[in-house]
Amino acid sequence: MSEPAFRHLLDIEDLGDRDGIEEVMRLTDSFVEVSERTIPKVPALRGKTVAWLFYEDSTRTRLSFETAAKRLSADTMNFSVSSSSVKKGESLRDTARTIEAMGIDAIVVRHASAGAPHRIASWVDAAVVNAGDGWHQHPTQALLDTYTLRSRLGDLDGRHVAIIGDIKHSRVARSDVWAFTRMGARVTLVAPPTLLPPSLEGWPVEVSHDLDAVLPTVDAAYLLRMQRERMTEALLPSLREYTACYGLTERRAELLADGAVVMHPGPMNRGVEIAAEVADLPNSLILDQVRNGVAVRMAVLFLLLGSGSDKVPTVRSDG
Ligand code: NCD
C-alpha cells in the first residue's frame, strides 16, 4: 500500500480524487472482515495514542471512533470539555498543545466552529481528524455513507441520490455531496428555499422543492435532521408543515422504486424528517451506516497512523 497523500483528514477533499476514496473503501473492506471475527481486534496501532477533543455533543461519532481505535489496539484518551480547563478559559490552542505534549499521535476533533480542526492541525504535529466542524464538513460520515451505499447498490456511477432536509446547516451534506459526486453519482438537494445554503455556486447538484416528484427517480433518499441548535432565526412556519411537505412519511416511502434505500446520519427525529415506521423498513440502511462507521474510522486511523511493517491490517487477531 502506498503512503497516504494526506497527513490530516480535515475535509473530504483531502483524499484527493476518486482514487483516494477508493483506497479508503478497499481498506474498509479489510476492517469489516476484522470486525466480523470472534475477537475483532488487530495489533496494527499498538503503541499509538488517539485523543478525543469533543466540544460538541455526540453519541455515535465519538463511540464509533473510540471503538475503531480500540479494535486497532491504540490507546485512547478521552477529553471531556465539560470537566476540563476549557471551563476555566483555556484557549483551543493551549488545550490542543497540552494534549499533544502528553505524546498523542492523533487528535479527533468535533467543534461548533467551522475551521477549528484546521487551526489545531496548524498548531500540532499529531494527525488531526475532523469529526464535524460547525456547518462545514464531516468527512468520515461521508466515507461511511459512501461505503454503505456501495455495499448495497454496487458502483455509484450514474446512481441518483436525493439529500433531503436542512442542507443549510448540514456539515454531512457538504461532505456527502462531494464524496457521492466524486464516485459518479448524481445528487439532487430537496429542501425548502430557507433551508438551502444562500449560494450553491460550485455545488455539483440539482435542486428541487418537490419531494414527491423526486422520490420515484432516486436510488437513495438521504434524510437530514432539522438542526435547530444551529438556526439563528425562524426558517420554517412549523415542524408540522415541514413534515407535510418534506418528511419521508409512509405514504411517500411507497413512491420509492424497488431496491431504493433510505439513509440518515442520526440522530433521527422520528415523526419529523422521517416517519418512525420508515426508519425501520428493510430498505433502511441507517444501522448499516452505524456499523460501517467503525470499519471506515479504523481505515482512516490506520491510513494516518499505521507505518512500515504494520501496514497489513488483516494480520492475526490479537487474542
Ligand atoms: C450529524 C452531525 O453531528 O453532524 N450526526 C452524526 O455525526 N452522525 C448530523 C446531525 O447532527 O444531525
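Provided above is the structure to which this section pertains.
So, here's what we can say about the structure.

## A few points about the overall build of the protein
At step 1: Each helix and strand in the protein was counted, giving 11 helices and nine strands.
At step 2: For 319 residues, the compact-globule estimate of 2.2 N^0.38 gives 20 Å, and the protein sits close to it at 20 Å.
At step 3: Its C-alpha atoms give the protein principal-axis dimensions of roughly 55 × 45 × 35 Å.
At step 4: Within the protein, the fraction of its 319 residues that count as buried is 56%.
At step 5: For the protein, the share of sequence-separated contacts (at least 6 apart) that also reach a separation of at least 24 residues comes to 75%.
At step 6: The averaged location of the 43 negative side-chain charges in the protein is 5 Å from the averaged location of its 36 positive side-chain charges.

## Digging into the site of the ligand
At step 1: Lining the immediate surroundings of the ligand are Arg-60, Thr-61, Arg-110, His-138, Gln-141, Arg-171, Val-172, Arg-225, Pro-265, Gly-266 and Pro-267.
At step 2: Note that an oxygen atom of the ligand is positioned 2.8 Å from one of the side-chain N or O atoms of His-138.
At step 3: In this structure, a nitrogen atom belonging to the ligand sits 3.3 Å away from a side-chain N or O atom of Gln-141.
At step 4: Its free accessible area being 320 Å², the ligand has 94% of it covered by the protein chains.
At step 5: Of all the elements in the fold, those that place two or more residues in the shell around the ligand are helix H2 (60-71) and helix H6 (171-182).
At step 6: Classifying every residue of the shell around the ligand gives three nonpolar, four polar and four charged.
At step 7: Each of domain 1 (12-137 + 291-314) and domain 2 (139-289) gives at least three residues to the shell around the ligand.

## Observations concerning the packing of helix H1 (residues 18-35) against helix H11 (residues 286-305)
At step 1: Where H1 meets H11, the axes come as close as 8 Å, and the angle between the chain directions of the two elements is 120°. For the element pair H1 / H11, the angle class is oblique. Crossing of H1 over H11 shows right-handed handedness. For the pair H1 and H11, the contacting residues are Glu-23, Val-24, Leu-27, Thr-28, Phe-31, Val-32, Val-34 and Ser-35 in the first and Asn-292, Ala-295, Val-296, Met-298, Ala-299, Val-300, Phe-302 and Leu-303 in the second.
At step 2: Considered class by class, the residues forming the contact of H1 with H11 number 12 nonpolar, three polar and one charged.

Calculation criteria
Throughout, residues of each chain are indexed from 1 in the direction in which the sequence is written. Owing to the predicted nature of the model, reporting of local features is limited to residues with pLDDT of at least 70; listing and counting of side-chain atom pairs is limited to 80 or more, with chain, interface and lining totals taken over all residues. Excluded from the side-chain calculations are hydrogens and water; all other atoms, namely the structure's heavy atoms, are used. Note on conventions: DSSP H or I runs of at least 4 residues are helices, E runs of at least 2 residues are strands, and numbering of each starts at the N terminus. All radius of gyration figures rest on C-alpha atoms, and the globule criterion is 2.2 Å times the number of residues raised to 0.38. Type-normalised accessible area, obtained with a 1.4 Å probe on protein chains alone, sets the label of each residue: buried when under 20%, exposed when over 50%, and partly exposed for intermediate values. Working rule for contacts: check all heavy atoms of both residues, and any pair within 4.5 Å makes them a contact. In this tally, Lys and Arg are treated as positive and Asp and Glu as negative; His is ignored, and so are the chain termini. A charge is said to be at NZ when it belongs to Lys, at CZ for Arg, at CG for Asp and at CD for Glu. Working definition: residue near molecule or strand if any one of its non-hydrogen atoms lies within 4 Å of it. By the criterion applied in these results, polar contacts are pairs of N or O atoms within 3.5 Å in which, for protein atoms, one can donate a hydrogen and the other can accept it, and in which residues neighboring in sequence qualify only through two side-chain atoms. Throughout, the Shrake-Rupley method with a 1.4 Å probe supplies accessible areas, and for residues the shown protein chains are the sole cover considered. Polar here means any residue outside two lists: the nonpolar Ala, Val, Leu, Ile, Met, Phe, Trp, Tyr, Cys and Pro, and the charged Asp, Glu, Lys and Arg; Gly therefore counts as polar. Marked domain ranges trace back to an automatic or database domain assignment. For helices, the axis comes from a line fit to the C-alpha atoms of the stretch in contact; other axes are also lines fit to C-alpha atoms, and the angle between any two N-to-C directions lies between 0 and 180 degrees. Should an angle fall under 35 degrees it is taken as roughly parallel, and over 145 as roughly antiparallel, whereas 65 to 115 is taken as roughly perpendicular and any remaining angle as oblique. Crossings are sorted by hand: turned counterclockwise from the far helix by less than a right angle, the near helix makes the crossing left-handed, and turned clockwise it makes it right-handed.

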